[in-house]
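An overview of the molecular structure
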Amino acid sequence: MNKPVLYSFRRCPYAMRARMALVASGIEPEFREVKLREKPAEMLEASPKGTVPVLVLENGEVIDESIDVMRWALGRNDPENWLQDADFDLIEMNDGPFKHHLDRYKYSTRHGTDAEEHRTACLAILQNLDERIGNDPYLHGHKPGLTDAAIMPFVRQFAATDREWFDTQPIPNVRRWLDTMLESELFKTVMVKRDQWRPEAG
């Protein structure tokens, strides 16, 4: 391979943050947009667990955890100093408790859960995030960093579940931060629609 290959799904929050880190690092992989109901054999061969993102490096090494993709990309090139002051404890809170409650709020029928209970739990976490942001535009202060990119896709998913309700909650700093991230050129770049990749198409 001449460059890394990234298997991705446009709407997956894990894939979103991996793509943001790759763009921020200036690394341009071969993008392979997949449908999760039609996972290509090549992706499953590289990573049998069948989730995105999956990054296959030029030497055949496979990175199939989004945070590891972010670390790898920024470890190679970090022109905007995204790794500086990255808060991995905050990211762990997002990937653990927040994601747990988010899934049981958004997909309550699938999980057989009380959506309102888990929405309330998510909101409590976001209220702490609201205090953390304060008057700054980003979690990293005056410029975005790895922490912002790692967490934002999941807050976006939470907000989109019921945006009318979300906009009435006492988390003004989170709403401002989320909207700033959503309107950024970086996010618009990684959300460009791509045709589904098929092996025969190359």
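Residues numbered from 1 in each chain as written. Predicted model: local features only at pLDDT ≥ 70, side-chain atom pairs only at ≥ 80, totals over all residues. Heavy atoms only, no water.

1. Remarks on unusual backbone geometry
What counts is decided by this rule: For helices the rule is a DSSP run of H or I covering at least 4 residues; for strands it is a run of E covering at least 2, with both sets numbered from the N terminus onward. Here's how the labels work: a residue is buried when its accessible area is under 20% of the maximum for its type, exposed when over 50%, partly exposed in between, all with a 1.4 Å probe on protein chains only.
Of note, the amide linkage connecting Val52 to Pro53 takes the cis form, showing an omega dihedral of 5°. The backbone of Asn81 shows a phi angle near 55°, a positive value even though the residue is not glycine. Note that Asn81 resides in the loop between α3 (66-76) and α4 (88-106). Judged by its relative accessible area of 38%, Asn81 falls in the partly exposed class.

2. Topic: the sheet that holds strand β1 (residues 5-8)
In plain terms, the rule: Any two strands with at least two DSSP-identified bridges between them are counted as paired.
With respect to topology, 4 strands assemble into an open sheet ordered β2-β1-β3-β4, the strand pairing being mixed. Taken across any chain shown, the strands that pair with only one partner, and hence form the sheet edges, are β2 (30-33) and β4 (62-63). Bridging between strand β3 (residues 54-56) and β4 involves 2 bridges; their strand directions are antiparallel. Within β4, the residue paired with Leu55 across the bridge is Ile63.

3. Details of the side chain of Asn94
Convention followed: Should any heavy atoms of two residues lie within 4.5 Å, those residues are considered in contact.
With respect to the secondary-structure elements, Asn94 resides in helix α4. With residues near it in sequence (within four places) discarded, Asn94 still touches Arg17, Lys99, Ala150, Ile151 and Phe154.

4. Focus on helix α6 (residues 115-133)
Stated formally: Multiplying 1.5 Å by the residue count of a helix minus one yields the expected span of that helix. Pairing of N or O atoms within 3.5 Å defines a polar contact, subject to two protein rules: one partner must be a possible hydrogen donor and the other a possible acceptor, and residues neighboring in sequence count only if both atoms are side-chain atoms.
The end-to-end C-alpha separation of α6 is 26 Å, in line with the 27 Å expected for 19 residues at 1.5 Å each. Among all positions of α6, only His118, Arg119, Ala121, Cys122, Leu123, Ile125, Leu126, Leu129, Asp130 and Ile133 are buried. Taken together, the buried residues of α6 touch α4, α7 (146-161), α8 (163-166) and α9 (172-182). The N-cap of α6, judged by a side-chain oxygen 3.0 Å from the amide nitrogen of Glu116 a few residues on, is Asp114. Looking one or two residues past α6, Gly134 carries a phi angle of roughly 60°, positive in sign.

5. Section: the pattern of salt bridges
The cut-off we apply is this: When a carboxyl oxygen of Asp or Glu is within 4 Å of a side-chain nitrogen of Lys or Arg, the pair counts as a salt bridge.
Applying the stated rule across the entire model yields 9 salt bridges. A salt bridge links Arg32 to Glu30; the nearest nitrogen and oxygen atoms lie 2.8 Å apart. Residues Arg163 and Asp179 are paired through a salt bridge, measuring 3.2 Å at the closest nitrogen-oxygen approach. Taken together, the residues span a long stretch of sequence, with Arg163 in helix α8 and Asp179 in helix α9 at a distance of 16 residues. The exposure class assigned to Arg163 is partly exposed, which follows from its relative accessible area of 27%. Classification of Asp179 by relative accessible area gives partly exposed; the value is 34%. In the salt-bridge network here, residues are joined through shared partners; they are Arg163, Asp167 and Asp179.

6. Digging into the nonpolar core
Formally: Buried residues of nine kinds, namely Ala, Val, Leu, Ile, Met, Phe, Trp, Tyr and Cys, make up a nonpolar core once their side-chain atoms join them within 4.5 Å.
Among the nonpolar cores identified, the biggest contains 41 residues, and Leu129, Phe158, Phe166 and Trp177 are the most heavily contacted of them. Every element with two or more residues in this core is listed here: α1 (13-25), α3, α4, α6, α7, α8, α9 and α10 (185-190). Per-element tally for this core: the top contributor is α7, with 9 residues. Not counting the four nearest positions on each side in its chain, Trp177 is found in contact with Leu129, Ile133, Pro137, Tyr138, Leu139, Asp148, Ile151, Met152 and Val155. Among the nonpolar cores identified, the runner-up in size contains 11 residues, and Val5, Val34, Met43 and Val52 belong to it.

7. Observations concerning the packing of aromatic side chains
Stated precisely, the cut-off is as follows: Pairing of aromatic side chains here covers Phe, Tyr and the six-membered ring of Trp, requires ring centres within 6.5 Å, and sorts the geometry by plane angle: under 30 degrees stacked, over 60 edge-to-face, intermediate tilted. A ring is scored as having a charge over it whenever the NZ atom of a lysine or the CZ atom of an arginine sits within 6 Å of its centre and within 35 degrees of its normal.
Within the structure shown, the criterion is met by 6 aromatic pairs. Judged by centre distance (6.1 Å) and plane angle (75°), the ring pair of Phe158 and Phe166 falls under edge-to-face. The exposure class assigned to Phe166 is buried, which follows from its relative accessible area of 0%. Ring pairing ties together the aromatic residues Phe98, Tyr105, Phe158, Trp165 and Phe166, which thus form one cluster. Across the ring face of Tyr107, the terminal group of Arg110 is positioned such that the distance to the ring centre comes to 4.3 Å.

8. Observations concerning the state of the cysteines
To keep it simple, the criterion reads: Note on terminology: pairs of cysteine sulfur atoms within 2.5 Å are recorded as disulfides.
Enumeration over the complete set of coordinates arrives at 0 disulfides. Sulfur of Cys12: no disulfide; nearest cysteine sulfur belongs to Cys122 and is 17 Å away. The exposure class of Cys12 is buried, given its relative accessible area of 11%. Among the residues examined, Cys122 registers a relative accessible area of 0% and is labelled buried.

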